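Listed here are the chains, written in short residue letters.
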Amino acid sequence: MLQLSDLKRMAQEEHQETIRLRHHFHSHPELSWKEIETSRTVAEMLGDFGYENIRTGAKGTESGVAADLNVGKEGRCVALRADMDALPVQEQNDLPYRSQNDGVMHACGHDSHISMLLTAAKNLARVKDDLPGRVRIIFQPAEEYGIESGADYMTREGVLDGVDAIAGCHIWSPLETGKMAYRYGPTMASCDKWQVNIRGAGGHGAMPHLAVDPTIAASNFVSTLQTVVSREVDPLETVVVSIGSMHAGSAFNVIPEEAEIIGNYRAFDPGRRAALPNISQRILDGICAALRCEGELELTPFVSPVINEKHTTDIVRETGEAMLGAENVEETPLVMVSEDFSFYQEKIPGTFFFVGCRNPGKGTDVAHHHPRFNVDDDALPGGVALLSGFAYNYLTRGQ
């Protein structure tokens, strides 16, 4: 009878192959919605492993792969997901497997996600007769893309049809190699872009009384917006309202017609997320009325907060304790960055966890999205064991 220890052993046995895969994908990064060669490689390998119903492409592109194990078998279906896209970053690492695509780099660890899930898929296929149910493997494009998220398109196109639960993970440089971190409930923040345009009446800088200056209204809006967090949000609640860009005018002696401000909201509570644009609009309307301007706020929703469901999180925590030891399993603090894994969680129960890769001796303690980001290859077997172990535990435990 299959045991978790068998999956752990298999992950260790495949360590060198997992490293080879990561280095290959790291050397050949592809940007969001352009993961064509990556998808072809993944689909071919899944076919070799014995997966069926291999589907490629999403959003009318050739990016993205989904495949099934144990088609037609009774029982539940569990999904495992990895993202595949790289970032428009020029790599600064001097590595034998550094990026060969100029200006493109796996600076967030998605190369490790691909390789860990491929190995987990291979190991699950080897023990498929011992699995009391079905497994769907999802390789998702465009996690980094924002408004045109790969998870959004894949869910809309039916990738979760017939799936009962899902898990995903992120390699994590703030967490030591050999550790994993989980969290119940809200875990990663939502992310929404907003843009404010304030219109006045331009004029000569020497005669401001004949103009209506939008820069004064914009300055007041920026400063007053900071009171949203400090005075309208419970101090125990975590919310961020940031300004990313301000622009007005082009000459030192001209009062401009218009000022533009762009920023983002981040929140963990869906209700708070929904309220932030309304509060901002109220502040904008009041300031513009006081200063004789006109203003409008445009919201571009990106992703919801990642909210981990209890049952699946119980399973991933218990899997981590079995695979890595209880001393290497910890609860993560709230993570203010965002992840489009939330699109899956809006459809079915799911959990998202972190696999540590921090090793200062190897230089793998650099922040994500940095041009010197890299992954400790010794972290890979743990991620493989956690993914395959979660699938096995979910199918065997029952609800």
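The structure presented is a predicted model; accordingly, all values stated were derived computationally and were not measured.

1. Description of the overall build of the protein chain
For step 1, the next point in the chain: In terms of regular secondary structure, the protein chain is built from 11 helices and 16 strands.
For step 2, the next point in the chain: Relative to a compact globule of 399 residues, whose C-alpha radius of gyration would be 21 Å, the protein chain shows 24 Å and is just as compact.
For step 3, the next point in the chain: Taking the principal axes of the C-alpha coordinates as reference, the protein chain spans close to 85 × 45 × 40 Å.
For step 4, the next point in the chain: Counting only residues that meet the buried cut, the protein chain has 56% of its 399 residues in that class.
For step 5, the next point in the chain: Here the contacts in the protein chain between residues at least 6 apart in sequence split such that 81% fall between residues at least 24 apart.
For step 6, the next point in the chain: For the protein chain, the computed accessible surface area is about 16500 Å², with 49% contributed by carbon and sulfur atoms.
For step 7, the next point in the chain: When the 35 positive and 56 negative side-chain charges of the protein chain are each reduced to one mean point, those points stand 3 Å apart.

2. Some details on a negative patch on the surface
For step 1, the next point in the chain: A surface patch of like charges, here negative, comprises Glu257, Glu258, Glu296 and Glu298.
For step 2, the next point in the chain: When you line up the elements, Glu258 lands in strand E12 (residues 258-267).

3. Some points on the environment of Ile261
For step 1, the next point in the chain: Residue placement: Ile261 occurs in strand E12.
For step 2, the next point in the chain: In the structure, Ile261 is positioned 13 residues away from Ala248 in sequence and 8.9 Å away in space, judged by C-alpha atoms.

4. Section: the state of the cysteines
Among covalent bonds in proteins, the disulfide is the one between the sulfur atoms of two cysteines.
For step 1, the next point in the chain: Enumeration according to the criterion identifies 0 disulfides in this entry.
For step 2, the next point in the chain: No disulfide involves Cys191; its sulfur sits 14 Å from the nearest other cysteine sulfur, which is in Cys108.

5. Quick look at the nonpolar core
For step 1, the next point in the chain: Of all hydrophobic cores here, the largest spans 65 residues; its most connected members are Leu46, Tyr51, Leu80, Leu118, Ile137 and Phe139.
For step 2, the next point in the chain: Residues in contact with Tyr51, not counting those within four places in the same chain, are Leu46, Ala67, Asp68, Leu69, Ala121, Leu124, Ala125 and Ile137.

6. Topic: the sheet that holds strand E16 (residues 350-358)
For step 1, the next point in the chain: The strand order E1-E2-E4-E3-E5-E16-E6-E15 describes an open sheet built from 8 strands, whose pairing is mixed. Whereas interior strands pair on both sides, the edge strands pair on one side only; in this sheet they are strand E1 (52-56) and strand E15 (329-331). This sheet shows a mean twist of 25 degrees between the axes of neighbouring strands, independent of strand direction.
For step 2, the next point in the chain: When E1 meets strand E2 (residues 65-69), the two strands line up antiparallel, connected through 3 bridges. Directly across from Glu52, in E2, lies its bridge partner Asp68.
For step 3, the next point in the chain: Sitting on the sheet, helix H4 (residues 110-126) touches E2, strand E3 (76-83), strand E4 (133-140) and strand E5 (165-176), and the angle it makes with E3 is about 150 degrees.

7. What to know about the packing of aromatic side chains
For step 1, the next point in the chain: For the coordinates displayed, the defined rule picks out 9 aromatic pairs.
For step 2, the next point in the chain: Between Trp172 and Phe354 the ring centres are 4.7 Å apart and the planes differ by 40 degrees, which places this aromatic pair in the tilted class. Here Trp172, found in strand E5, pairs with Phe354, found in strand E16; they are 182 residues apart in sequence, far enough to count as distant.
For step 3, the next point in the chain: Given the relative accessible area of 0%, Phe354 is considered buried.
For step 4, the next point in the chain: Arranged with centres 5.7 Å apart and planes meeting at 80 degrees, the rings of Tyr182 and Tyr184 form a pair that is edge-to-face.

8. Focus on helix H11 (residues 380-397)
For step 1, the next point in the chain: With 18 residues, H11 ought to run about 26 Å at 1.5 Å a step, and its terminal C-alpha atoms sit 25 Å apart, in line with that.
For step 2, the next point in the chain: With 16 of 18 residues buried, H11 lies mostly within the body of the structure.

9. Observations regarding the side chain of His26
For step 1, the next point in the chain: As for its placement among the helices and strands, His26 is situated in helix H2 (residues 15-27).
For step 2, the next point in the chain: There is a polar contact of 2.8 Å between the side chain of His26 and the side chain of Asp111.
For step 3, the next point in the chain: Apart from the residues lying within four places of it in its own chain, the contact partners of His26 are Glu91, Tyr97, Arg98, Ser99, His106 and Asp111.

10. Details of the pairing of E2
For step 1, the next point in the chain: Along E2, 5 of the 5 residues are buried, which leaves the element largely enclosed by surrounding structure.
For step 2, the next point in the chain: The alternating pattern of E2 places Val65, Ala67 and Leu69 on one face and Ala66 and Asp68 on the opposite face, and all of these are buried.
For step 3, the next point in the chain: Relative to E4, E2 runs antiparallel, the two being bridged by 5 bridges. Within the sheet, the bridge partner assigned to Val65 lies in E4 and is Phe139.

11. Some details on the packing of H2 against H4
For step 1, the next point in the chain: The interhelical angle for the contact between H2 and H4, taken along N-to-C directions, is 145 degrees, at an axis separation of 8 Å. Regarding H2 and H4, the two cross each other, and that crossing is right-handed. Here Thr18, Leu21, Arg22, Phe25 and His26 of H2 lie close against H4, whose contacting residues are Asp111, Ser112, Ile114, Ser115, Met116, Leu118 and Thr119.
For step 2, the next point in the chain: Class assignment of the residues belonging to the contact of H2 with H4 gives a composition of 5 nonpolar, 5 polar and 2 charged.

12. Description of H2
For step 1, the next point in the chain: Given a rise of 1.5 Å per residue, 13 residues ought to cover 18 Å, and the 18 Å separating the end C-alpha atoms of H2 matches this to within 8%.
For step 2, the next point in the chain: Residues His15, Thr18, Ile19, Leu21, Arg22, His23, Phe25, His26 and Ser27 constitute the buried set of H2.
For step 3, the next point in the chain: Elements that come into contact with the buried residues of H2 comprise helix H1 (4-13), helix H3 (36-49), H4 and H11.

13. Quick notes on the sheet that holds strand E10 (residues 239-248)
For step 1, the next point in the chain: Taken in spatial order, the 4 strands make up an open sheet running E10-E12-E8-E13, and their pairing is antiparallel. Strands at the two margins of the open sheet, each flanked by one partner only, are E10 and strand E13 (294-303). If you compare each strand with its neighbour and ignore which way they point, the axes differ by 20 degrees on average.
For step 2, the next point in the chain: Across 8 bridges, the pairing between strand E8 (residues 191-199) and E12 is antiparallel. Across the sheet, Asn197 pairs through a bridge with Glu260, a residue of E12.
For step 3, the next point in the chain: On the sheet, helix H6 (residues 214-225) packs against E8, E10 and E12 and is oriented at approximately 150 degrees with respect to E8.
For step 4, the next point in the chain: Docked against the sheet, helix H8 (residues 270-290) engages E8, E10, E12 and E13, running at close to 165 degrees with respect to E13.

How each quantity is defined
Throughout this description, residue numbers start from 1 for each chain and increase along the sequence as written. Local features in a predicted model are, by the rule used here, given only for residues with pLDDT of at least 70; side-chain atom pairs are given and counted only at 80 or more, and totals for whole chains, interfaces and linings are based on all residues. Water and hydrogen atoms were dropped before computing side-chain values, which therefore reflect all heavy atoms in the structure. Note on conventions: DSSP H or I runs of at least 4 residues are helices, E runs of at least 2 residues are strands, and numbering of each starts at the N terminus. Our radius of gyration is a C-alpha quantity, and the globule rule it is checked against amounts to 2.2 Å times the number of residues to the power 0.38. Partly exposed residues are those whose accessible area sits between 20% and 50% of the maximum for their type, while under 20% is buried and over 50% is exposed, using a 1.4 Å probe and protein chains only. We call two residues in contact when some of their heavy atoms are within 4.5 Å. Using the Shrake-Rupley algorithm and a 1.4 Å probe, accessible areas are obtained, with residue cover drawn only from the displayed protein chains. Charge counting treats Lys and Arg as positive and Asp and Glu as negative, with His and both chain ends excluded. Where a charge lies is defined by one atom per residue type: Lys uses NZ, Arg uses CZ, Asp uses CG and Glu uses CD. For patch detection, residues must exceed 30% relative accessible area and be free of salt bridges, and they are connected within 9 Å for like charges or within 5 Å for nonpolar side chains (Val, Leu, Ile, Met, Phe, Trp, Tyr). Salt bridges are defined as contacts in which a side-chain nitrogen from Lys or Arg sits within 4 Å of a carboxyl oxygen from Asp or Glu. Note on terminology: pairs of cysteine sulfur atoms within 2.5 Å are recorded as disulfides. Each nonpolar core is a collection of buried residues, namely Ala, Val, Leu, Ile, Met, Phe, Trp, Tyr and Cys, held together in the definition by side-chain atoms within 4.5 Å. Strands are treated as partners if at least two bridges between them are detected by DSSP. Interaxial angles span 0 to 180 degrees and are taken between N-to-C directions of axes, which are lines fitted to C-alpha atoms, for helices over the stretch in contact. Side-chain rings of Phe, Tyr and Trp, where Trp is taken by its six-membered ring, are said to pair if the distance between their centres is within 6.5 Å; with planes under 30 degrees apart they count as stacked, over 60 as edge-to-face, and otherwise as tilted. Expected span of a helix, by definition, is 1.5 Å for each gap between consecutive residues, and there is one gap fewer than residues. Any pair of nitrogen or oxygen atoms within 3.5 Å is treated as a polar contact; in protein, a donor-acceptor pairing is required on top of that, and neighbouring residues in sequence qualify only through side-chain atoms on both sides. Each crossing gets its handedness from the near helix: less than a right angle anticlockwise from the far helix is left-handed, clockwise is right-handed. Polar here means any residue outside two lists: the nonpolar Ala, Val, Leu, Ile, Met, Phe, Trp, Tyr, Cys and Pro, and the charged Asp, Glu, Lys and Arg; Gly therefore counts as polar.

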